[in-house]
Amino acid sequence: MVESTGSRTVTPLQLVGAGAVALTLGALAGFSSHYASTAKQLAEDGIDPRSRIKFLPLAGKALAASSAMCIGLGVLAVGGWRLAGMKYNSIAEVSSWQDAVGLAKQQRDVIQQEFQKQLFNKQPDEGQR
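The rules behind each value
- Residues numbered from 1 in each chain as written.
- Predicted model: local features only at pLDDT ≥ 70, side-chain atom pairs only at ≥ 80, totals over all residues.
- Heavy atoms only, no water.
- Phe/Tyr/Trp six-rings, centres within 6.5 Å; stacked < 30°, edge-to-face > 60°.
- Helix = DSSP H or I, 4+ residues; strand = E, 2+ residues; numbered from the N terminus.
- UniProt positions renumbered as here; feature names shortened; annotations may be inferred.
- 1 Å grid on protein atoms, 1.4 Å probe; cavity = no way out; pocket = protein on both sides within 12 Å on 5 of 7 lines; lining within 4 Å.
- Points joined across faces, edges and corners; volume = space filled by probe spheres on them.
- Nonpolar A, V, L, I, M, F, W, Y, C, P; charged D, E, K, R; others polar.
- Salt bridge = Lys/Arg side-chain N within 4 Å of Asp/Glu carboxyl O.
- Buried < 20%, exposed > 50% of the residue type's maximum accessible area, 1.4 Å probe, protein only.
- Expected span 1.5 Å × (residues − 1).
- Polar contact = N/O pair within 3.5 Å; in protein donor to acceptor, adjacent residues only side chain to side chain.

- An unreviewed UniProt entry lists the chain under the name ABC transporter substrate-binding, from Micractinium conductrix.

Structural data, given as structure tokens:
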């Protein structure tokens with residue numbers, strides 16, 4: 001599954017990698033900002049900010065556990081997605097915003113028709129007769 005936009009080709013793995021890099025950079029920026037602000041507060045309160053260093057192994061373990069849980073939930077979600085028979089298909093390329101909106105409305109109408117068909121053509125179960 002490769003999406004091509006003009007002369008640039010982006011694979012799903014590259015997309016996930018770029019997202020992971022962006023999330024990592026944001027997390028590091030947030031960590032450094034929080035660390036600096038709390039160090040200033042601790043120093044103002046008369047507490048040595050370096051005393052927090054002894055808690056870094058615990059924080060690292062908590063981060064590893066939460067990361068592993070998020071990855072596990074992601075794997076389960078992808079597995080459920082695949083078991084349900086859903087997959088990503090590049091079905092159309094649009095050249096303008098109006099074409100994209102038109103395609104989205106067309107897909108919405110198809111889904112509504114299928115839903116209505118399933119809803120009104122459903123046969124009652126044997127136990128309900």
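1. Points about the packing of aromatic side chains
Line of reasoning, step 1. Going through the model one piece at a time under the given rule, you end up with one aromatic pair.
Line of reasoning, step 2. Here the aromatic rings of Phe31 and Tyr35 are separated by 5.7 Å at their centres, their planes lie at 35°, and the arrangement is tilted. Of this pair, Phe31 and Tyr35 both sit in helix 1 (residues 12–44), four residues apart, which is roughly one turn of the helix.

2. As for the UniProt feature "transmembrane region" (unreviewed entry) in the chain
Line of reasoning, step 1. UniProt's entry tags residues 12–35 and 55–78 with the feature "transmembrane region" (unreviewed entry), counted in the numbering of this structure.
Line of reasoning, step 2. A helix fraction of 100% and a strand fraction of 0% characterise residues 12–35, whose end C-alpha atoms lie 34 Å from each other.
Line of reasoning, step 3. Spanning residues 55–78, this segment combines 96% helix with 0% strand, and its end C-alpha atoms are found 35 Å apart.

3. Structural notes on the layout of surface pockets
Line of reasoning, step 1. Taken as a whole, the largest pocket holds about 500 Å³ of empty space.
Line of reasoning, step 2. As for the largest pocket, its lining consists of 16 residues, of which Ala27, Phe31, Ala59, Leu63 and Ser67 are closest to the centre.
Line of reasoning, step 3. Taken together, the elements giving at least two residues each to the lining of the largest pocket come down to helix 1 and helix 2 (56–83).
Line of reasoning, step 4. The residue inventory of the lining of the largest pocket, partitioned by class, reads 12 nonpolar, three polar and one charged.

4. Some words on the pattern of salt bridges
Line of reasoning, step 1. If you walk through the whole model with that rule in mind, you get three salt bridges.
Line of reasoning, step 2. Residues Arg50 and Asp48 are paired through a salt bridge, measuring 3.3 Å at the closest nitrogen-oxygen approach.
Line of reasoning, step 3. The class of Arg50 is exposed, set by a relative accessible area of 61%.
Line of reasoning, step 4. In this structure, Lys117 and Glu114 form a salt bridge, with 3.3 Å as the shortest nitrogen-oxygen distance. Here Lys117 pairs with Glu114, and both are found in helix 3 (residues 97–120), just three residues apart, close to one helical turn.
Line of reasoning, step 5. On the basis of relative accessible area, Glu114 is assigned to the partly exposed category, the value being 38%.

5. Focus: helix 1
Line of reasoning, step 1. Its 33 residues place the ends of helix 1 48 Å apart at the C-alpha level, agreeing with the 48 Å of an ideal helix rising 1.5 Å per residue.
Line of reasoning, step 2. Positive backbone phi, at 85°, marks Gly46, one or two positions downstream of helix 1.

6. Digging into the side chain of Thr38
Line of reasoning, step 1. When you line up the elements, Thr38 lands in helix 1.
Line of reasoning, step 2. In terms of polar contacts, Thr38 uses its side chain to reach the backbone carbonyl oxygen of His34, at 2.9 Å.
Line of reasoning, step 3. Looking at Thr38, its side chain comes within polar contact range of the main-chain oxygen of Tyr35, at 3.2 Å.

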